[in-house]
Amino acid sequence: EHLCGEQAQAQVLLSTMDGYDIGSPLPASIVVGTAPSLDLSTTSLDLGICYPGAASTDSFMVFNDGCSPLEVSSIGSDHSDLAVTPGSFTVAPGDSQLVRLSCTPADLGPLVASIDVFGDDPRQPEAAIVVTGQVLPAPALVLDPVSLAVQLDPDETTQRLVQVANPGASPLVWSLTARREGQ
(Lines give C-alpha, C1' and ligand atoms only; values in the text may rest on other atoms or scores of the structure.)
Protein backbone atom coordinates (compact mmCIF):
# COMPACT_ATOMS: atom_id res chain seq x y z
CA GLU A 1 0.00 0.00 0.00
CA HIS A 2 1.39 3.40 -1.01
CA LEU A 3 0.78 6.31 1.35
CA CYS A 4 1.79 8.85 -1.29
CA GLY A 5 1.53 12.39 0.06
CA GLU A 6 -0.09 11.20 3.28
CA GLN A 7 0.96 11.66 6.87
CA ALA A 8 1.45 8.46 8.85
CA GLN A 9 1.35 8.24 12.65
CA ALA A 10 3.40 5.77 14.68
CA GLN A 11 5.11 5.26 18.01
CA VAL A 12 8.83 4.85 18.54
CA LEU A 13 10.09 2.72 21.42
CA LEU A 14 13.74 3.09 22.38
CA SER A 15 15.57 -0.09 23.46
CA THR A 16 19.07 -0.95 24.62
CA MET A 17 21.30 -3.38 22.73
CA ASP A 18 20.33 -6.14 25.15
CA GLY A 19 16.58 -5.63 24.59
CA TYR A 20 15.51 -3.47 27.56
CA ASP A 21 12.99 -0.73 26.80
CA ILE A 22 14.03 2.79 27.74
CA GLY A 23 11.14 5.00 28.76
CA SER A 24 7.69 5.30 27.26
CA PRO A 25 6.81 5.11 23.57
CA LEU A 26 7.30 8.42 21.75
CA PRO A 27 4.77 9.63 19.19
CA ALA A 28 6.17 9.95 15.64
CA SER A 29 4.80 11.42 12.46
CA ILE A 30 6.11 11.01 8.92
CA VAL A 31 4.94 12.60 5.70
CA VAL A 32 5.40 10.36 2.69
CA GLY A 33 6.81 12.20 -0.35
CA THR A 34 5.10 12.52 -3.70
CA ALA A 35 8.14 12.33 -6.01
CA PRO A 36 8.71 9.72 -8.72
CA SER A 37 11.39 7.04 -8.21
CA LEU A 38 13.81 5.96 -10.98
CA ASP A 39 14.91 2.33 -10.54
CA LEU A 40 16.42 -0.13 -13.05
CA SER A 41 16.06 -3.91 -13.21
CA THR A 42 19.84 -4.33 -13.49
CA THR A 43 23.09 -2.38 -13.36
CA SER A 44 24.86 -4.54 -15.96
CA LEU A 45 24.13 -6.48 -19.15
CA ASP A 46 26.49 -9.03 -20.72
CA LEU A 47 25.84 -9.54 -24.43
CA GLY A 48 28.27 -12.47 -24.55
CA ILE A 49 29.85 -13.19 -27.93
CA CYS A 50 28.90 -10.77 -30.71
CA TYR A 51 29.85 -10.70 -34.37
CA PRO A 52 30.68 -7.63 -36.50
CA GLY A 53 27.67 -6.38 -38.41
CA ALA A 54 25.23 -8.74 -36.65
CA ALA A 55 22.80 -7.32 -34.08
CA SER A 56 22.85 -8.66 -30.51
CA THR A 57 19.84 -7.72 -28.38
CA ASP A 58 18.85 -7.56 -24.73
CA SER A 59 16.47 -5.56 -22.58
CA PHE A 60 15.99 -4.03 -19.15
CA MET A 61 13.14 -2.52 -17.15
CA VAL A 62 12.71 1.00 -15.79
CA PHE A 63 10.55 1.00 -12.64
CA ASN A 64 8.72 3.83 -10.88
CA ASP A 65 8.07 2.95 -7.22
CA GLY A 66 7.33 6.60 -6.47
CA CYS A 67 4.08 8.48 -6.05
CA SER A 68 3.92 10.57 -9.22
CA PRO A 69 4.63 9.85 -12.91
CA LEU A 70 8.30 9.38 -13.77
CA GLU A 71 9.36 11.33 -16.86
CA VAL A 72 12.35 9.63 -18.51
CA SER A 73 13.66 12.43 -20.69
CA SER A 74 16.41 10.50 -22.46
CA ILE A 75 18.34 7.25 -22.60
CA GLY A 76 21.71 7.33 -24.29
CA SER A 77 24.94 5.44 -24.66
CA ASP A 78 28.59 6.38 -24.82
CA HIS A 79 29.12 3.78 -27.59
CA SER A 80 27.97 4.40 -31.18
CA ASP A 81 27.25 0.67 -31.77
CA LEU A 82 24.46 0.65 -29.13
CA ALA A 83 20.88 1.78 -29.69
CA VAL A 84 17.98 1.79 -27.19
CA THR A 85 14.23 2.09 -27.75
CA PRO A 86 12.21 3.87 -26.63
CA GLY A 87 14.46 6.88 -26.00
CA SER A 88 12.02 8.74 -23.74
CA PHE A 89 8.73 7.87 -22.01
CA THR A 90 6.55 8.30 -18.92
CA VAL A 91 6.11 5.58 -16.28
CA ALA A 92 3.04 5.74 -14.05
CA PRO A 93 3.48 5.25 -10.27
CA GLY A 94 3.92 1.54 -9.49
CA ASP A 95 4.44 0.69 -13.16
CA SER A 96 7.41 -0.17 -15.39
CA GLN A 97 8.65 0.24 -18.97
CA LEU A 98 10.60 -2.30 -21.04
CA VAL A 99 13.63 -0.82 -22.82
CA ARG A 100 15.21 -2.77 -25.68
CA LEU A 101 18.93 -2.65 -26.45
CA SER A 102 20.46 -3.49 -29.81
CA CYS A 103 24.20 -3.69 -30.42
CA THR A 104 25.61 -3.96 -33.94
CA PRO A 105 29.37 -3.87 -33.42
CA ALA A 106 31.73 -2.68 -36.12
CA ASP A 107 35.08 -3.57 -34.56
CA LEU A 108 36.59 -6.73 -33.04
CA GLY A 109 37.60 -6.92 -29.38
CA PRO A 110 36.05 -6.32 -25.99
CA LEU A 111 32.88 -4.27 -25.84
CA VAL A 112 32.43 -2.03 -22.79
CA ALA A 113 29.79 0.69 -22.83
CA SER A 114 27.42 2.58 -20.58
CA ILE A 115 23.71 3.26 -20.98
CA ASP A 116 22.59 6.36 -19.09
CA VAL A 117 18.93 6.84 -18.12
CA PHE A 118 17.84 10.40 -17.21
CA GLY A 119 14.60 11.13 -15.39
CA ASP A 120 12.91 13.58 -13.03
CA ASP A 121 13.50 11.62 -9.79
CA PRO A 122 14.85 14.30 -7.42
CA ARG A 123 16.85 11.72 -5.40
CA GLN A 124 18.38 9.95 -8.41
CA PRO A 125 18.00 11.85 -11.68
CA GLU A 126 20.42 9.51 -13.49
CA ALA A 127 20.96 5.74 -13.45
CA ALA A 128 23.47 3.74 -15.49
CA ILE A 129 23.88 0.23 -16.86
CA VAL A 130 27.27 -1.18 -17.90
CA VAL A 131 27.10 -3.21 -21.12
CA THR A 132 29.83 -5.75 -21.91
CA GLY A 133 30.50 -8.28 -24.62
CA GLN A 134 33.22 -9.78 -26.79
CA VAL A 135 33.21 -9.09 -30.53
CA LEU A 136 34.78 -12.01 -32.41
CA PRO A 137 35.19 -12.78 -36.10
CA ALA A 138 32.12 -14.61 -37.36
CA PRO A 139 32.13 -18.32 -38.22
CA ALA A 140 31.59 -19.24 -41.88
CA LEU A 141 29.55 -22.20 -43.14
CA VAL A 142 30.75 -24.00 -46.27
CA LEU A 143 28.80 -27.05 -47.52
CA ASP A 144 29.97 -29.51 -50.17
CA PRO A 145 27.71 -30.24 -51.98
CA VAL A 146 25.48 -27.22 -51.33
CA SER A 147 22.28 -29.24 -51.91
CA LEU A 148 21.12 -32.87 -52.23
CA ALA A 149 18.32 -34.36 -54.28
CA VAL A 150 17.56 -38.08 -54.11
CA GLN A 151 14.53 -39.96 -55.43
CA LEU A 152 13.82 -43.23 -53.59
CA ASP A 153 11.20 -45.91 -53.66
CA PRO A 154 9.32 -46.42 -50.34
CA ASP A 155 11.54 -49.39 -49.28
CA GLU A 156 14.86 -47.86 -50.28
CA THR A 157 17.48 -46.08 -48.19
CA THR A 158 20.62 -44.30 -49.25
CA GLN A 159 23.54 -42.41 -47.81
CA ARG A 160 25.15 -39.25 -49.08
CA LEU A 161 28.20 -37.48 -47.74
CA VAL A 162 27.93 -33.77 -46.99
CA GLN A 163 31.10 -32.02 -45.93
CA VAL A 164 30.63 -29.17 -43.41
CA ALA A 165 33.55 -26.76 -43.08
CA ASN A 166 34.18 -23.59 -41.11
CA PRO A 167 36.92 -21.38 -42.56
CA GLY A 168 35.83 -18.63 -40.15
CA ALA A 169 37.68 -17.63 -37.00
CA SER A 170 34.99 -18.58 -34.44
CA PRO A 171 33.37 -21.93 -33.64
CA LEU A 172 30.43 -22.90 -35.82
CA VAL A 173 27.46 -24.50 -34.06
CA TRP A 174 25.11 -26.25 -36.48
CA SER A 175 22.40 -28.88 -36.80
CA LEU A 176 20.84 -30.74 -39.71
CA THR A 177 17.17 -31.48 -40.36
CA ALA A 178 15.85 -33.48 -43.32
CA ARG A 179 12.50 -32.32 -44.74
CA ARG A 180 10.26 -33.61 -47.45
CA GLU A 181 9.96 -31.39 -50.47
CA GLY A 182 7.20 -28.80 -50.01
CA GLN A 183 7.38 -28.78 -46.19
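Look up a bit, the structure's there.
Calculation notes
- Residues numbered from 1 in each chain as written.
- Predicted model: local features only at pLDDT ≥ 70, side-chain atom pairs only at ≥ 80, totals over all residues.
- Heavy atoms only, no water.
- Core = buried A, V, L, I, M, F, W, Y, C linked by side-chain atoms within 4.5 Å.
- Buried < 20%, exposed > 50% of the residue type's maximum accessible area, 1.4 Å probe, protein only.
- Contact = heavy atoms within 4.5 Å.
- Helix = DSSP H or I, 4+ residues; strand = E, 2+ residues; numbered from the N terminus.
- Pairing = 2+ DSSP bridges.
- Axes fitted to C-alpha atoms, helices over the stretch in contact; angles between N-to-C directions.

Turning our eyes to something else, we now look at the nonpolar core. Of all hydrophobic cores here, the largest spans 25 residues; its most connected members are Leu-40, Phe-60, Val-62, Ile-75, Leu-101, Ile-115 and Val-131. Ignoring anything within four residues of it in the chain, the contact list for Leu-40 reads Phe-60, Met-61, Val-62, Phe-63, Val-117, Ala-127, Ala-128 and Ile-129.

Residues of strand β11 (residues 126–135) alternate between two faces, with Ala-127, Ile-129, Val-131, Gly-133 and Val-135 buried on one and Glu-126, Ala-128, Val-130, Thr-132 and Gln-134 left unburied on the opposite face. Of the strand pairs in this sheet, strand β4 (residues 44–50) and β11 are connected by 5 bridges, and their pairing is parallel. When the bridges of β11 are listed, Asp-46 appears paired with Thr-132. Hairpin geometry of strand β10 (residues 109–119) and β11 is characterised by an intervening segment of 6 residues between the two adjacent antiparallel strands.

Bringing the sheet that holds strand β7 (residues 82–85) into the picture now. Backbone hydrogen bonds are what pair the strands of a sheet, in a parallel or an antiparallel way. With antiparallel pairing, 4 strands are arranged side by side in an open sheet as β3-β5-β9-β7. Every other strand in the sheet has two partners, leaving β3 (38–40) and β7 as the edge strands with one partner each. Strand after strand, the sheet turns through a mean of 30° between neighbouring axes, direction not considered. Pairing of β7 with strand β9 (residues 96–103) involves 4 bridges; the strand directions are antiparallel. By the bridge assignment, Thr-85 is partnered in β9 with Arg-100.

For the rest of this paragraph, the subject is the environment of Ala-128. Tracing the backbone through its elements, the reader meets Ala-128 in strand β11. When the C-alpha positions of Ala-128 and Ser-29 are compared, they lie 34 Å apart, and in sequence the two are 99 residues distant. Ignoring anything within four residues of it in the chain, the contact list for Ala-128 reads Leu-40, Thr-43, Ser-114, Ile-115 and Asp-116.

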